[in-house]
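Chains, contacts and geometry: an overview
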Amino acid sequence: MDFIPYATQSINEDDLAAVREVLTSGWLTQGPAVPRFEQAFAALHGVAHAVAVCNATAGLHIACLALGAGPGQTVWTSPNSFVASANCALYCGAGVDFVDIDPATRNMSVSALAAKLEQAERDGQLPAIVIPVHFAGLACDLAPMRALADRYGFKILEDASHAVGASYNGQPIGSRYADASVFSFHPVKIVTTGEGGMVTTPDAALARRLQLLRSHGITREPGEMQHPDTGAWHYEQHSLGFNYRMTDIQAALGTSQLRRIDGFHAVRDRLADRYDLLLGSLPLRRPARVPGPGATARSSWHLYVVEVVSGRGVADRATVFARLREAGIGVNVHYEPIPLQPYYRGLGFWPGQFPAAETYATQALSIPLYPALTDALQDRVVAELTQALRA
Ligand SMILES: *Cc1c(COP(=O)(O)O)cnc(C)c1O
């Protein structure tokens, strides 16, 4: 029987036509398709500025730089994330630390954040930036996080890699609570450009810094020149930037994918509802649907993660995982805690520091969820999972 992956892209004829059109246009990069994609993305997320980059990791790097991360400062993020959420701080020479998760939402815990901030204030070690991660597409509890940011003076940089088109309290992610937000267009995410990312911000000056940092720190704007104009070839480098540009080929695919986003969300919503129903009587924990007390969210359902709590009659997670892979079901684990990676242990982190994230990681199992997953395939996943859970 066919292998069912945990996630995969959806490419249709319109996507193919968009890529074909850009390939035969005059511009493969630095052309009009990039700003067109940026405008469509900004409009969809209700935010003033969007800056396209070659991947979300690059976006996190330049967003940290643009928000002022550097040596002598600390950036906090969630241990339950992809390593890029923490690596971006280290790229800037800043230190990194983690805030444990709320086991209900698997997102950074607001109470753990508040407690850690109190201690950090006493120690004179407050973070410069906090990077909450909207795990699986469910928003973090952003309103109390924003209140803490205003009280303690740190910036919020959302890692919204999972959360294209998601919302919190009726507001699109990327628009209202954060200083900047980063989205990923890797093929397993909600929409794809192959590789690709986007940084959104309501702040025009920050958006301009991001544009410069993604392209070598070079400006060609006459109004920004520091030296006299020597001719039409004249450009100036003002900061140490990078080549983190998105191509027009990627951007054209991205714009075409964004036109399909309502359809993607509708299928993911429906499949998640169906999993909730079909898994209701099985001995596992299903994903939460609310970010915190009194808050609401619309998840983008990047992942559907169940937790296998082994016990009487229930197999352990490793066994369930192995049985499902054997049966051709492409389950995965998101994530082993970042601070337990060998590289991060080398920086001084140790097991036991973030117990909620560590316990969660021993139980987590991402089961297939993607736009082309049919009811019949989903039924097969559920049947195999039901069997695999038996001790
Ligand atoms: C995918 C992902 C990234 C990195 O995205 P790329 O576009 O592959 O660089 C960062 N953070 C999280 C949470 C992710 O899931």
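For the structure, see preceding data.
Every residue gets a number counted from 1 within its own chain, in the order that chain's sequence is written. Restriction of local features to residues with pLDDT of at least 70 applies here, the model being predicted, together with a cutoff of 80 or more for giving and counting side-chain atom pairs; totals for whole chains, interfaces and linings are based on all residues. As a rule here, side-chain values cover all heavy atoms of the structure and leave hydrogens and water aside.

**What about the pattern of salt bridges?**
Our working rule: For this document, the term salt bridge refers to a Lys or Arg side-chain nitrogen within 4 Å of an Asp or Glu carboxyl oxygen. For helices the rule is a DSSP run of H or I covering at least 4 residues; for strands it is a run of E covering at least 2, with both sets numbered from the N terminus onward.
The full count for this structure, using the stated rule, is 15 salt bridges. Taking the shortest distance from any N to any O, the salt bridge between Asp97 and Lys116 comes out at 2.9 Å. Highlighted residues: Asp97 in strand β3 (residues 95-98) and Lys116 in helix α5 (residues 110-123), separated in sequence by 19 residues. Among the salt bridges present, the one from Glu224 reaches Arg208, with a minimum N-O distance of 2.7 Å. In this pair, Glu224 is assigned in the loop between β10 (218-219) and β11 (236-237) and Arg208 in helix α7 (residues 204-213), connecting sequence segments 16 residues apart.

**Topic: helix α8 (residues 248-259)**
Definition in use: Expected helix span is given by 1.5 Å per residue-to-residue step, counting one fewer step than there are residues. Classification of residues uses two cut-offs on accessible area relative to the type maximum, computed with a 1.4 Å probe and protein chains only: under 20% is buried, over 50% is exposed, and between them is partly exposed. For this analysis, residues touch if any pair of their heavy atoms sits within 4.5 Å.
Between its first and last C-alpha atoms α8 spans 17 Å; for twelve residues at 1.5 Å apiece the expected length is 16 Å, and the two agree. Where burial is concerned, most of α8 is hidden: ten out of the twelve residues are buried. Along α8, the positions that sit buried rather than exposed are Asp248, Gln250, Ala251, Ala252, Leu253, Gly254, Thr255, Ser256, Gln257 and Leu258. The inward-facing, buried residues of α8 abut α1 (13-23), α2 (33-45) and α9 (261-278).

**Regarding the environment of Ala63**
Relative to the elements of secondary structure, Ala63 occurs in helix α3 (residues 56-66). Along the chain, Ala63 and Cys88 lie 25 residues apart, while their C-alpha atoms are 8.8 Å from each other. When sequence neighbours within four positions are dropped, the list of residues in contact with Ala63 reads Leu157, Val182, Val199 and Leu210.

**Details of the nonpolar core**
Applicable threshold: To qualify as a nonpolar core, a set must consist of buried Ala, Val, Leu, Ile, Met, Phe, Trp, Tyr and Cys residues joined through side-chain atoms within 4.5 Å. An automatic or database domain assignment supplies the start and end points of every domain.
Judged by nonpolar contacts, the single largest core of 49 residues is most densely connected at Leu157 and Leu210. Broken down by secondary-structure element, the contributors of at least two residues to this core are β1 (49-53), α3, α4 (84-91), β3, β4 (129-131), β8 (180-184), α7 and α12 (355-363). At seven residues, α3 tops the list of elements feeding residues into this core. Among the domains, domain 1 (10-260) and domain 2 (263-388) are the pair contributing at least three residues each to this core. Leave out the neighbours within four places in its chain, and Leu210 touches Val51, Ile62, Ala63, Ala66, Val199 and Thr201.

**Comments concerning the sheet that holds strand β6 (residues 167-168)**
Working definition: the strands of a sheet are paired by backbone hydrogen bonds and lie parallel or antiparallel to each other. What counts is decided by this rule: In short, DSSP must find at least two bridges between two strands for them to pair.
Reading across the sheet, the three strands line up as β7-β6-β13 and stay open at both edges, with antiparallel pairing between neighbours. Only two strands of the sheet have a single neighbouring strand rather than two, namely β7 (171-172) and β13 (297-298). Strand direction decides the pairing type here: β6 and β7, joined by two bridges, are antiparallel. Bridge pairing in β7 links Tyr168 to Gln171.

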